[in-house]
Amino acid sequence: MSLQVELEHYRNVLIVRLRGELDHHTADVVRFKMEEAILRGNSDHVILSLKELLFMDSSGLGVILGRYKQLKARGGKMVVCDVNQGVYRLFELSGLFKILPIHDNERLALTSLEVVS
């Protein structure tokens, strides 16, 4: 299975919706698209919506951690929402939830970043 990346800018937030599998075959594409969108769109924050992400391996964790560091260095935040059980477990085991807040849906994630109208 492949990966689809949907990017949406909302005010100063980049919403990234991932569908499919984030692994060593697709990690570079996600890295490039997110970096470009963060810089081009002047995004201060990122919401990762993982509702339709079916699988992720350590390459995916690396992409997420790298973008987190990129945003943090610029004073921004990253939050995660709509995480399915399998991906949730990977986040839990890796310790990413210690640095990345998780929310039930995009609306709550936006609220946590204080950008909801």
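What counts and what doesn't
- Throughout this description, residue numbers start from 1 for each chain and increase along the sequence as written.
- Restriction of local features to residues with pLDDT of at least 70 applies here, the model being predicted, together with a cutoff of 80 or more for giving and counting side-chain atom pairs; totals for whole chains, interfaces and linings are based on all residues.
- Remark: hydrogens and water are excluded; side-chain values derive from all non-hydrogen atoms of the structure.
- Each helix corresponds to a stretch of at least 4 residues labelled H or I by DSSP, and each strand to a stretch of at least 2 residues labelled E; elements are numbered beginning at the N terminus.
- The size measure is the radius of gyration over C-alpha atoms, and the globule rule it meets is 2.2 Å times the number of residues to the 0.38 power.
- Here the term buried applies to any residue with accessible area under 20% of the maximum for its type, exposed to any over 50%, and partly exposed to those in between, with areas from a 1.4 Å probe on protein chains only.
- UniProt positions are given in the numbering used here, feature names are shortened, and annotations may be inferred rather than shown by experiment.
- DSSP-based pairing: two strands are paired if at least 2 bridges between them are found.
- By definition in these notes, contact holds between two residues if any of their heavy atoms fall within 4.5 Å.
- Lines are fitted to the C-alpha atoms to define the axes, a helix being fitted only along its stretch in contact, and any angle between axes, read from their N-to-C directions, falls within 0 to 180 degrees.

Any chance you could explain the overall build of the protein chain here in plain terms?
Of regular secondary structure, the protein chain possesses four helices and five strands. What you see in the protein chain, going N to C, is helices and strands ordered as β-β-α-β-α-β-α-β-α. Here the protein chain has a C-alpha radius of gyration of 13 Å; the compact-globule value for 117 residues is 13 Å, and the two agree. Over its C-alpha atoms, taken along the principal directions, the protein chain stretches across nearly 35 × 25 × 25 Å. A buried classification covers 44% of the 117 residues belonging to the protein chain.

For this particular structure, what's the right way to read unusual backbone geometry?
Excluding glycine, most residues fall at negative phi; most peptide bonds, likewise, are trans. The phi dihedral of Arg11 is positive, around 55 degrees, even though this residue is not glycine. Here Arg11 lies in the loop between β1 (3-10) and β2 (13-22). With phi around 55 degrees, Asp82 is a residue other than glycine that occupies positive phi space. Structurally, Asp82 is set in the loop between β4 (78-81) and α3 (85-94). Classification of Asp82 as buried rests on a relative accessible area of 18%.

Looking at this model, I keep getting lost on the UniProt feature "domain: STAS" (unreviewed entry) in the protein chain. Mind explaining?
According to UniProt, the "domain: STAS" (unreviewed entry) feature falls on residues 3-113. Helix and strand shares over residues 3-113 are 42% and 32% respectively, and the end C-alpha atoms of the span are 27 Å apart.

Would you mind showing me how to read the sheet that holds strand β5 (residues 102-103) here?
One key point about sheets: their strands pair by backbone hydrogen bonds, in either a parallel or an antiparallel sense. If you trace the five strands from one edge of the open sheet to the other, you get β1-β2-β3-β4-β5, paired in mixed fashion. A strand with exactly one partner marks an edge of an open sheet, and here the two such strands are β1 and β5. As judged from the two bridges shared by β4 and β5, these two strands associate in the parallel manner. Directly across from Val80, in β5, lies its bridge partner Ile102. Helix-sheet contacts for helix α1 (residues 27-40) involve β1, β2, β3 (45-56) and β4, and the interaxial angle to β2 is about 170 degrees. The sheet strands contacting helix α2 (residues 58-73) are β2, β3 and β4, and the helix crosses β3 at an angle near 180 degrees.

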